[in-house]
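# Working through the structure, step by step
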Amino acid sequence: MVRKQLTTFIDWYGRQLEWVLSHKLIFSGIVIFLLVMTGVMMKQGIIGKEMMSTGDQESSLNLEYDKTTTVQENNIRTQRVENFILQQPEVATLFSNIAGPSTGIGSLGVGSANIS
């Protein structure tokens with residue numbers, strides 16, 4: 001199966017390379033056109049100049065309450081923390097996962113009422 005897919009890809013790539021090498025002027029024109037259009041879009045502000053803004057950062061905060069904490073109490077406590085964080089001028093967006101499924105390596109995707 002993998003061998004057939006690899007052969008198919010190699011054949012397709014060979015055809016594309018053959019076309020590019022036999023149509024150098026057309027292909028160069030396409031590349032230059034795309035470069036110019038990218039410059040136009042950057043000048044108009046449609047796309048940015050950076051892949052990721054240097055000021056943008058993502059942070060994660062995990063809250064774990066006592067095992068006897070209910071989902072409702074977890075939600076109330078976490079909302080207080082959210083409100084504090086959202087009052088900070090540097091914060092643009094916030095996402096919360098109250099008692100939702102955990103993620104990551106070894107996770108079963110099962111939530112816990114006492115974790116946010």
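In this report, the structure presented in the accompanying data block is examined. (Residues numbered from 1 in each chain as written. Predicted model: local features only at pLDDT ≥ 70, side-chain atom pairs only at ≥ 80, totals over all residues. Heavy atoms only, no water.)

### Focus on the overall build of the protein chain
- A tally of helices and strands in the protein chain yields 3 helices and 0 strands.
- Reading the secondary structure of the protein chain in the N-to-C direction produces α-α-α.
- Within the span of the protein chain, comprising 116 residues, buried residues form 9% of the whole.
- Entry remark: accessible area of the protein chain is about 10,400 Å², with carbon and sulfur atoms responsible for 62%. (Helix = DSSP H or I, 4+ residues; strand = E, 2+ residues; numbered from the N terminus. Buried < 20%, exposed > 50% of the residue type's maximum accessible area, 1.4 Å probe, protein only. Areas by Shrake-Rupley, 256 points an atom, 1.4 Å probe, with all protein chains shown as cover.)

### Quick look at the side chain of Thr-69
- Structurally, Thr-69 is set in the loop between α2 (24-44) and α3 (71-86).
- You can call Thr-69 buried: its relative accessible area is 8%.
- Each residue touching Thr-69, except ones within four places of it in the same chain, is listed here: Asn-74, Arg-77, Ala-113 and Asn-114. (Contact = heavy atoms within 4.5 Å.)

### Some details on the pattern of salt bridges
- Tallying each qualifying case throughout the model produces 1 salt bridge.
- Residue Glu-73 is joined to Arg-77 by a salt bridge in which the shortest nitrogen-to-oxygen separation is 3.1 Å. Of this pair, Glu-73 and Arg-77 both sit in helix α3, 4 residues apart, which is roughly one turn of the helix.
- Judged by relative accessible area, Glu-73 falls into the partly exposed class, the value being 29%.
- What makes Arg-77 partly exposed here is its relative accessible area of 31%. (Salt bridge = Lys/Arg side-chain N within 4 Å of Asp/Glu carboxyl O.)

### Quick look at the environment of Thr-78
- With respect to the helices and strands, the residue Thr-78 is situated in helix α3.
- Judged by its relative accessible area of 4%, Thr-78 falls in the buried class.
- Excluding anything up to four places from it in sequence, Thr-78 contacts Leu-63, Tyr-65, Ile-98 and Ser-116.
- Separated by 2.8 Å, the side chain of Thr-78 and the backbone oxygen of Asn-74 make a polar contact. (Polar contact = N/O pair within 3.5 Å; in protein donor to acceptor, adjacent residues only side chain to side chain.)

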